[in-house]
Amino acid sequence: MNSSRAILILYTICVFISALLLFLVEPMVAKMLLPQVGGAAAVWTTALLFFQSLLLVGYAYSHFIVTRLSLRWQIGSHLLLLALTVLSLPIQIVGSGTPTPGSNPITWVLITLLIRVGLPFFCLTTLSPLLQSWFVRTGHLHSSDPYFLYRASNLGSFTALVAYPIIIERFSGLEFQTRAWQIGYISLLILIILVSLKLWRSSTSTISHTNQVSHEVIPLLRLLRWVALATVPSLWLLAVTTYFTTQIRPIPLLWVIPLAIYLLSFAIVFGKHSISLKILSRIYPYIAVALLGLTILGEVHLPFLLGFFLQFGAFFIGALLCHGQLAKERPGASKLTTFYLALAIGGALGGLIGAIFAPLFFHDLYEFPIAIILTGLLLPRAIPLLKRELLHEIAKAMLVAGFLIVIGVFLVITQALQHLNTTFLTSSGTLADLLRLLLILPIPALAVVAFSRKPIGLAIMLSTILILLQLPLSSQPAPIYQSRDFFGVHKVITNRDQSVRIYENAGTIHGLQLQSTSSRDLPTTYYSPTGPAGEVFQQWVPQHSSIAVIGLGVGTLACYNHPGESWDFYEIDPEVIHIAKDPHLFTFLSDCTPKASTILGDGRIEIASAKPHSYDLIVIDAFSGDAPPIHVLTREALVLYTSKLRQNGVLLFNISNSYVDFRTVLSAEAKSLKMVSYARADSNITPQEQNEGKAPSDWMVLSSSLSNIQSLVSRPNWMPITPPANAPIWTDDYSNLFSVLRLF
């Protein structure tokens with residue numbers, strides 16, 4: 001192998017491995033954080049914000065030393081920094097404490113990440129631009145265009161994100177992962193030393209750094225355009241992650257998919273063969289309309305594959321369009337670090353908007369349609385327009401948009417649609433519904449098509465759809481209450497005749513209360529008297545029991561209270577406590593257990609402070625979206641819960657969800673602890689039960705002795721659960737969602 005080829009391979013391997021390690025640490029650390037802050041999608045988006053921000057710092061550092069230090073000073077100082085970082089390994093989150101109950105966990109997450117993983121992550125972020133800059137100094141045949149190394153970097157990142165859930169998480173625990181990552185980092189350090197020694201000894205190492213800096217000045221508008229083209233895909237990354245994992249499939253495993261797509265788009269556009277931005281820009285307007293239509297019809301649950309390909313396919317096209325323009329506009333090798341710094345600023349800015357500003361200032365997931373609109377605004381033009389032509393385009397689009405908005409406002413003021421609600425076109429659809437749909441989607445969609453090749457006009461028309469969505473045109477009553485915090489969007493809604501009140505979070509119903517005086521204290525949804533939970537409370541719970549419930553919801557279980565019982569509710573989200581305790585929203589708590597204790601904080605962490613053997617029944621009903629957080633279901637969690645049970649106490653798990661088979665997980669853990677486990681699935685709902693608010697549910701009971709629950713499980717439909725012989729036991733160190741998923 002000749003020297004030139006060896007240099008090329010060595011640099012490519014170093015860049016690839018540095019990116020691989022960089023993006024292996026992201027899901028690994030995010031998984032470590034979950035037991036401290038729950039399973040909300042915001043854990044991942046906040047971690048992304050941290051990583052994007054530190055990427056910016058790393059790129060700024062690389063830009064500084066490349067433009068200010070001689071080559072040998074760059075090599076010496078950076079090798080020292082990389083070597084010192086070894087002292088901070090292995091990466092650990094355990095021992096970092098937990099957020100103060102009731103506080104916004106974002107600050108705690110960011111500070112914890114900075115202390116625990118800040119230094120090694122920072123060092124890795126510097127390597128891609130720094131190695132590319134050093135490669136330019138080698139005088140290699142390809143040194144004038146080192147961006148192929150950026151492609152290798154993004155392929156390494158993509159490989160890490162795909163491998164983590166499919167291979168690494170599936171076959172190893174966190175302790176093994178951190179040790180293996182440490183070995184990988186030290187191996188990379190050895191490779192960087194080899195690169196540095198080769199560069200140090202080469203004849204080009206004597207070139208002054210000032211001879212490598214071009215005097216070309218990049219215009220400010222061009223820099224700002226680079227930042228904008230990097231910001232929008234970054235914002236969309238966080239937005240689609242939050243939207244998909246709350247509204248479609250609330251599964252932490254899916255968090256890495258949008259980031260993998262984001263990185264893959266970089267790898268594609270910086271490859272040897274460029275893609276046709278012209279074709280993508282013509283397709284995009286139609287996809288944007290379809291996505292906004294999905295937002296309009298958000299209550300319609302699409303098949304998983306259709307939702308998957310529509311959401312992630314649109315994001316992929318949007319990322320290719322923005323990143324493709326960046327690839328076409330990339331500067332020469334002398335301005336390489338300036339270019340990467342602009343990209344890092346945009347990435348961090350998108351993360352800041354999506355992770356911090358959006359939850360603070362938006363009460364719904366508005367950053368999602370905003371990212372779609374901004375991508376339309378940044379579509380490439382085939383022919384640049386004169387100022388006069390540009391103003392003409394804007395004027396025409398504003399005229400059409402203003403006309404549609406005036407019609408919408410007119411319908412709201414005159415309440416014209418209300419008079420048409422009685423004219424039925426189908427069994428459930430009225431003439432008013434048809435007019436609403438035409439005004440909000442098809443008519444603006446035609447305008448979008450008309451402006452499909454005019455980015456500013458397209459963005460204005462897409463914005464019009466979003467504005468029309470905000471007008472009270474729906475035949476359904478507006479939400480009674482809506483808010484947003486770290487844990488998601490909270491909505492309290494009612495139906496047309498206001499006979500029920502429903503609490504939704506992450507697209508999942510977490511509570512329903514009938515509004516008639518005679519029925520308002522009837523347990524509903526998963527807690528119906530004729531369901532598994534109802535049987536436990538009516539047939540098993542002894543008198544004067546002490547009961548703990550992890551996960552408050554709207555407090556439905558409280559209406560199984562009997563005189564002499566004591567109840568403790570553990571809830572991590574202060575907004576949920578507010579909703580459950582506000583009698584203007586729900587009255588289960590105030591009607592049935594006004595003296596119950598409500599403990600704010602993560603249920604598993606807070607129940608550890610309870611006295612040993614103090615509860616007869618512990619109900620684990622904590623949900624993040626449609627599934628329980630993993631850390632409340634591990635073997636260590638079961639050991640903790642059983643230490644708080646009295647001699648004949650029982651654990652009751654709500655495992656009702658559409659996507660994960662928790663029966664196998666819990667039964668395997670129960671068997672390892674010499675406990676018995678029984679389950680009952682209740683899916684056959686009669687019309688009468690449906691009218692009473694009952695929903696299908698799936699529950700498990702675990703006990704140290706069969707005799708403790710014999711009177712319950714001898715009833716029909718309770719089945720003993722025997723785990724498969726090879727069923728893995730989930731622990732705080734190891735869990736694998738991939739093996740128990742039911743996506744389709």
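Residues numbered from 1 in each chain as written. Predicted model: local features only at pLDDT ≥ 70, side-chain atom pairs only at ≥ 80, totals over all residues. Heavy atoms only, no water.

Engineer: Outline the packing of helix α1 (residues 3–37) against helix α5 (residues 147–171), listing residues and values.
Structural biologist: In the contact formed by α1 and α5, the axes pass within 7 Å of each other and the chain directions differ by 40°. Between α1 and α5, the angle falls in the class oblique. The way α1 lies across α5 gives a crossing that is right-handed. Looking at the contact of α1 with α5, its residues break down into 18 nonpolar, 5 polar and 2 charged. (Axes fitted to C-alpha atoms, helices over the stretch in contact; angles between N-to-C directions. Helix = DSSP H or I, 4+ residues; strand = E, 2+ residues; numbered from the N terminus. Parallel < 35°, antiparallel > 145°, perpendicular 65-115°, else oblique. Left-handed = near helix turned anticlockwise from the far one by under 90°. Nonpolar A, V, L, I, M, F, W, Y, C, P; charged D, E, K, R; others polar.)

Engineer: Account for the sheet that holds strand β8 (residues 615–620), with residues named and values stated.
Structural biologist: Pairing between the strands of a sheet comes from backbone hydrogen bonds, and it takes one of two forms, parallel or antiparallel. Ordered in space as β7-β6-β5-β8-β9-β11-β10-β12, the 8 strands form an open sheet in which the pairing is mixed. Looking at the sheet topology across the chains shown, the edges are occupied by β7 (597–600) and β12 (719–720). With 5 bridges connecting them, strand β5 (residues 546–550) and strand β6 (residues 566–571) associate as parallel partners. Residue pairing for β6: S546 is matched across the bridge by S566. Lying on the sheet, helix α24 (residues 662–672) is in contact with β9 (645–654), β10 (676–682) and β11 (697–703); it crosses β11 at an angle near 5°. (Pairing = 2+ DSSP bridges. Contact = heavy atoms within 4.5 Å.)

Engineer: Describe the confidence of the model for the chain, with residues and values.
Structural biologist: Looking at the chain as a whole, its pLDDT mean stands at 85, while 88% of the residues score no less than 70. Contacts from residues 203–213, a stretch scored under 50 in pLDDT, to residues over four places away or in other chains number 17 contacts. (pLDDT = per-residue confidence, 0-100.)

Engineer: Give a description of the side chain of E26 that names residues and reports values.
Structural biologist: By the element assignment, E26 lies in helix α1. This buried residue, E26, is left without a salt bridge; K31 holds the nearest opposite charge, at 16 Å. (Buried < 20%, exposed > 50% of the residue type's maximum accessible area, 1.4 Å probe, protein only. Lys, Arg positive; Asp, Glu negative; His and termini not counted. Salt bridge = Lys/Arg side-chain N within 4 Å of Asp/Glu carboxyl O.)

Engineer: Tell me what's going on with the packing of aromatic side chains, and back it up with residues and numbers.
Structural biologist: A full pass over the atoms with the stated rule returns 31 aromatic pairs. Judged by centre distance (5.4 Å) and plane angle (65°), the rings of Y61 and F122 are edge-to-face. Of this pair, Y61 sits in helix α2 (residues 41–68) while F122 sits in helix α4 (residues 105–137), and the two are 61 residues apart along the sequence. Judged by relative accessible area, which is 14%, F122 ranks as buried. Summarising the aromatic geometry, the rings of Y526 and Y527 are spaced 5.9 Å apart at their centres and angled 85° between planes, so their arrangement reads as edge-to-face. Taken as a pair, Y526 and Y527 share a single burial class, namely buried. (Phe/Tyr/Trp six-rings, centres within 6.5 Å; stacked < 30°, edge-to-face > 60°.)

Engineer: Mind laying out the nonpolar core, listing which residues take part and the relevant values?
Structural biologist: Across soluble globular proteins, nonpolar side chains have a tendency to be buried as a group. Ranked by internal contacts, the top residues of the largest apolar core, which has 141 residues, are Y11, L131, W134, W181, W236 and L259. Counting residues per element, this core draws most heavily on α1, which supplies 16 residues. Not counting residues within four places of it along the chain, the set of residues in contact with L131 comprises Y11, C14, V15, I192 and V195. Within the second largest apolar cluster, 40 residues are counted, among which are Y527, C559, L585 and L652. (Core = buried A, V, L, I, M, F, W, Y, C linked by side-chain atoms within 4.5 Å.)

Engineer: Residues and numbers for helix α9 (residues 256–269), please.
Structural biologist: In a regular helix each residue adds 1.5 Å, so 14 residues correspond to 20 Å; α9 covers 20 Å between its end C-alpha atoms and thus fits that length. Where burial is concerned, most of α9 is hidden: 11 out of the 14 residues are buried. Listing the buried residues of α9 in full gives V256, P258, L259, A260, I261, Y262, L263, S265, F266, A267 and V269. (Expected span 1.5 Å × (residues − 1).)

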